[in-house]
Amino acid sequence: MEHQYTNDLINETSPYLLQHAHNPVNWNPWNSKTLELAKSNNKLLLISVGYAACHWCHVMEHESFEDTLVAKIMNEHFINVKVDREERPDIDQVYMNAVQLMTGSGGWPMNVIALPDGRPFWGGTYFRKEQWMDALNQIAKLFEENPNKIYEFTDKLEQGIKSMDMIILNTNKPVFETKFIEEAVKKWTTQFDYKDGGMNRAPKLMMPNNYHFLLRYAYQNNDKELQNYVNLTLTKMAYGGVFDQIGGGFSRYSVDTKWHVPHFEKMLYDNGQLVSLYSDAYLITKNDIYKDIVTQTLEYIKRDMTIPNGAFYSSLDADSNNIEGKLEEGSYYVWQKEALKNILKEDYQLFSEYYNINDYGFWEHNNYVLIRKDDDSEIIKKYEISKEQLNQKLNDWKNLLLKERNKREKPRLDDKTLTSWNALMLKGYIDAYRVFGNKNYLDAAEKNTNFIINNQLREDGGLNHNYKNGKSTINGYLEDYATVIDAFITLYENTLNETWLVTARNLANYTFDHFFDETHHMFYFTSNQDDALVSRNMEYRDNVIPASNSIMAKNLFKLSHYFDNDHFRKTAVTMLNNVIPEIQDYASGYSNWLDLMLNYTNPFYEVAIVGNEASGKISELNKNYIPNKIIAGSISENNLPLLANRYLPDQTLIYVCIDNACKLPVSKVDDAIKLITP
């Protein structure tokens, strides 16, 4: 196909950047050459940030960036830079902070105007075409006629940006108390939706880490009301349109309060974390719905998101072409009543009740988003069928509709591979294996681990962030190290392959060399080997993915126990102490930190299993929900601090310890569990 326009993005690998390679706008990628061009020509930088699965990014591209009149203004007055926020979260973070300071909110697409040196002074998110053109003309005129005004504002904004996402060393003595957590959770509960689960507002994001912490906290405190709330949330999410009832996997969020109509993009990072969450929830409740969610989500990941080399793709777009060939949000996923009648025939009545092809499930334009309302027992009772018959029907319906849906044009795939998101999915697979014992899950996890080791781990001990078309690129961020270390520790606990534990420790040492700040005792998001941006920030507030610093603190806590490493131990304590002043007013933004705090306020166990039958006993132990433990194990002599001098050739013994002080060893898993949960 011949294109009228082609810009410098044509040489990039990011699907998001390539989507803009034939805009009439003279887009440039973010690199030193582009930044030098702005400086040498004294031209303002126009920095536009988005990602491949983003609906409103596509809208703004179609309305503005494909328009030659808009392009004329942009090309005449600005050096235009397109950034994939998933490839370059460091750039996204800096300019998002600026937009939030200027406007009070943020989102994508994000559009910022900066001085030739990269310092921002104006920005926002989505703009309609006329708004965008007016703003650009006014800014260009101001820069030409009164640049000093812009420079003055920029200086003030720069100070604001540099003060954001920086944390002061807390010199108070670390005190971690149950009462502190209780008060934080109590304040948080005022925002709960006790009817539909989640927070009492729309849109509703899944926030897996929030519910992972609340699940653990409720269980360890035997808080039945909180347990009921978490289970309500997980069930409603599983019933909702936010879960793809036909193909499996979760969309990014629901636009309404009942988890019905999703923002249809599917992100790898959500699904990885939700597999871990639902696996643990199943371990506590033995609720078959949770097992089904894990099974269906991992089937979706295997079918649509996995590369033959074991790596995972990043996302599926919210938009796809409808039958008229027009790009439309959700068109791949929704159903119309007549089509369902034709496909399902005599089963339509039962299907329509199960998935609410009625007012409850109606979305817009004769379209329905499948959503459940009742549990299976009510349907079984009403239609006088058995559980087995219903399961068979559900399976048949899914196969039929998946086959039908596959005739439609599929949403665009973002086929780059990100190390951090792969690690979250890898951990999801290991957690699913731990709980359900499905060997296929472990195989997928080990294949992905080998991909990371063989492609993303460099000879100097560092990680790369991105992989595409056989090439590993972009120096890794703290999130890459934190998530990979976490996943490798989990893999060690389930396989006893010490390579993964040692690699986790080596990566932790690397982060101290290249990311750690000795003044504040926290880790920067970017390496000291990266080119400087307007500011070098610390990511410490938990969001849809936990903050890289909170994951790192938990990693150091665990590694300190495995290797009896006092430096790791003290750093984890200091990091947690640093965020204490902010936690209570905004617990949902610190749920992973609160999860770490539970390790200090409750007994935390080191479980060492040594002997020929260690693997089997670990599998048996893992059938119990014990969040306040680490596992070390060996089938032979081993020098790890938790295992040294404990091997006996003719016995497999379980040592339950707290800070290396161990109770008498036992041989039965049940007896070990009694020592942990007396």
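An account of the accompanying structure is given in this report. (Residues numbered from 1 in each chain as written. Predicted model: local features only at pLDDT ≥ 70, side-chain atom pairs only at ≥ 80, totals over all residues. Heavy atoms only, no water.)

## So, the overall build of the protein
So, step 1. A count of helical and extended segments in the protein gives 25 helices and 22 strands.
So, step 2. Computed over C-alpha atoms, the radius of gyration of the protein comes to 26 Å, within 12% of the 26 Å expected from 2.2 N^0.38 for 678 residues, which places it in the range of a compact globule.
So, step 3. Dimensions of the protein, computed from C-alpha atoms along their principal axes, come out at roughly 80 × 70 × 45 Å.
So, step 4. A burial count over the protein gives 59% of its 678 residues as buried.
So, step 5. Nonlocal contacts in the protein, meaning residues at least 24 apart in sequence, comprise 69% of its contacts between residues at least 6 apart.
So, step 6. By element, 47% of the accessible surface of the protein is carried by carbon and sulfur atoms, the whole surface being about 28100 Å². (Helix = DSSP H or I, 4+ residues; strand = E, 2+ residues; numbered from the N terminus. Rg over C-alpha atoms; globule rule 2.2 N^0.38 Å. Buried < 20%, exposed > 50% of the residue type's maximum accessible area, 1.4 Å probe, protein only. Contact = heavy atoms within 4.5 Å. Areas by Shrake-Rupley, 256 points an atom, 1.4 Å probe, with all protein chains shown as cover.)

## Comments concerning the pairing of strand β19 (residues 605-610)
So, step 1. Extensive coverage of β19 is indicated by the burial of six of its six residues.
So, step 2. Burial along β19 is two-sided: Tyr605, Val607 and Ile609 and Glu606, Ala608 and Val610, pointing in opposite directions, are all buried.
So, step 3. As judged from the six bridges shared by β19 and strand β20 (residues 629-634), these two strands associate in the parallel manner. When the bridges of β20 are listed, isoleucine 609 appears paired with glycine 633.
So, step 4. For the handedness criterion, the β-α-β arrangement of β19, helix α24 (residues 614-621) and β20 is classed as right-handed.
So, step 5. Looking at chain direction, β19 and strand β21 (residues 653-658) are connected through five bridges and run antiparallel. Paired with glutamate 606 across the bridge in β21 is cysteine 657. (Pairing = 2+ DSSP bridges. Right-handed = clockwise from strand over helix to strand, strands pointing away.)

## Focus on the pairing of strand β3 (residues 78-84)
So, step 1. The element β3 is largely enclosed, with a buried count of seven among its seven residues.
So, step 2. The pairing of strand β1 (residues 27-29) with β3 spans three bridges and is classified as parallel. Bridging across to β3, proline 29 finds its partner in lysine 82.
So, step 3. With seven bridges connecting them, strand β2 (residues 44-50) and β3 associate as parallel partners. Each residue of the ladder has a partner; that of leucine 44, found in β3, is phenylalanine 78.

## Things to note about the layout of surface pockets
Which parts of space are left empty comes out when a probe the size of a water molecule is rolled across the atoms.
So, step 1. Space inside the second largest pocket adds up to approximately 660 Å³.
So, step 2. As for the second largest pocket, its lining consists of 29 residues, and the residues nearest its centre are Asp292, Gln296, Leu394, Asn395 and Lys398.
So, step 3. Among the elements of the structure, α10 (224-239), α12 (288-304) and α16 (387-405) are those that each provide at least two residues to the lining of the second largest pocket.
So, step 4. Here the element with the most residues in the lining of the second largest pocket is α12; it accounts for nine residues.
So, step 5. Class assignment of the residues belonging to the lining of the second largest pocket gives a composition of 10 nonpolar, nine polar and 10 charged. (1 Å grid on protein atoms, 1.4 Å probe; cavity = no way out; pocket = protein on both sides within 12 Å on 5 of 7 lines; lining within 4 Å. Points joined across faces, edges and corners; volume = space filled by probe spheres on them. Nonpolar A, V, L, I, M, F, W, Y, C, P; charged D, E, K, R; others polar.)

## Focus: the pattern of salt bridges
So, step 1. Enumeration over the complete set of coordinates arrives at 41 salt bridges.
So, step 2. The partner of lysine 393 in a salt bridge is aspartate 347, and the shortest N-O contact between them spans 2.9 Å. A residue pair is termed long-range when its members are at least 10 positions apart, and lysine 393 in helix α16 and aspartate 347 in the loop between α13 (337-344) and α14 (348-354) qualify at 46 residues.
So, step 3. The class for aspartate 347 is buried, based on a relative accessible area of 17%.
So, step 4. Between arginine 569 and aspartate 564 there is a salt bridge, with the nearest N and O atoms lying 3.2 Å from each other.
So, step 5. Of the residues examined, arginine 569 reaches a relative accessible area of 29% and is grouped as partly exposed.
So, step 6. Residue aspartate 564 is classed as partly exposed on the basis of its relative accessible area of 43%.
So, step 7. Put simply, Asp117, Arg119, Asp155, Glu158 and Lys162 are held in one network by salt bridges that share partners. (Salt bridge = Lys/Arg side-chain N within 4 Å of Asp/Glu carboxyl O.)

## Observations regarding the sheet that holds β20
So, step 1. Spatial strand order, β20-β19-β21-β22: four strands in an open sheet with mixed pairing. Whereas interior strands pair on both sides, the edge strands pair on one side only; in this sheet they are β20 and β22 (661-662).
So, step 2. Two strands pair when backbone bridges link them, and β21 and β22 are joined in this way by two bridges, in the antiparallel orientation. In the strand pairing of β22, isoleucine 658 is matched with alanine 661.
So, step 3. Running over the sheet, helix α21 (residues 548-563) touches β19 and β20 and is turned about 40° from β20. (Axes fitted to C-alpha atoms, helices over the stretch in contact; angles between N-to-C directions.)

## A short note on the sheet that holds β3
So, step 1. On the basis of which strands lie adjacent, the open sheet formed by five strands has the order β1-β3-β2-β4-β5 and mixed pairing. Of all strands in the sheet, those with a lone pairing partner are β1 and β5 (120-124), marking the two edges. Each adjacent strand pair in this sheet contributes to an overall mean axis angle of 30°, direction not counted.
So, step 2. The strands touched by helix α5 (residues 89-103) are β2, β3, β4 (110-114) and β5; relative to β5, the strand with the most contacts, the crossing angle is about 80°.

## A few points about the packing of α13 against α16
Each pair of packed helices gets described by two things: the angle between the helix axes and the distance between those axes.
So, step 1. Packing of α13 against α16 brings their axes to within 11 Å, and their N-to-C directions diverge by 120°. Relative to α16, the element α13 lies oblique. The handedness of the crossing between α13 and α16 comes out as right-handed. For the pair formed by α13 and α16, the contact residues are Leu340, Ile343 and Leu344 on the first element and Trp397, Leu400, Leu401 and Glu404 on the second.
So, step 2. When the residues that make up the contact of α13 with α16 are grouped by side-chain class, the tally is six nonpolar, no polar and one charged. (Parallel < 35°, antiparallel > 145°, perpendicular 65-115°, else oblique. Left-handed = near helix turned anticlockwise from the far one by under 90°.)

## What about empty space enclosed by the protein?
So, step 1. Counting across every chain of the model gives three cavities of 30 Å³ or more.
So, step 2. In terms of lining, the largest cavity is formed by 34 residues, of which the most central are His212, Asp280, Lys427, Lys554 and Lys558.
So, step 3. Looking at the lining of the largest cavity, the elements with two or more residues in it are α9 (208-220), α11 (268-285), α17 (419-436), α19 (478-495), α21, α23 (591-601) and β20.
So, step 4. Grouping the amino acids of the lining of the largest cavity by side-chain chemistry returns 11 nonpolar, 12 polar and 11 charged.
So, step 5. Its boundaries defined by the atoms lining it, the second largest cavity holds a volume of some 120 Å³.
So, step 6. As for the second largest cavity, its lining consists of 13 residues, and the residues nearest its centre are Gly241, Asp244, Gln245, Tyr333 and Val369.
So, step 7. Taken together, the residues of the lining of the second largest cavity sort by class into eight nonpolar, three polar and two charged.

## Observations concerning the state of the cysteines
So, step 1. By the definition in use, this model includes two disulfides.
So, step 2. Across the disulfide from cysteine 54 sits cysteine 57; the S-S distance is 2.3 Å. Across the disulfide from cysteine 54 to cysteine 57, rotation about the S-S bond amounts to roughly 85°, and the bridge is consequently right-handed. Taken as a pair, cysteine 54 and cysteine 57 share a single burial class, namely buried. (Disulfide = S-S within 2.5 Å.)

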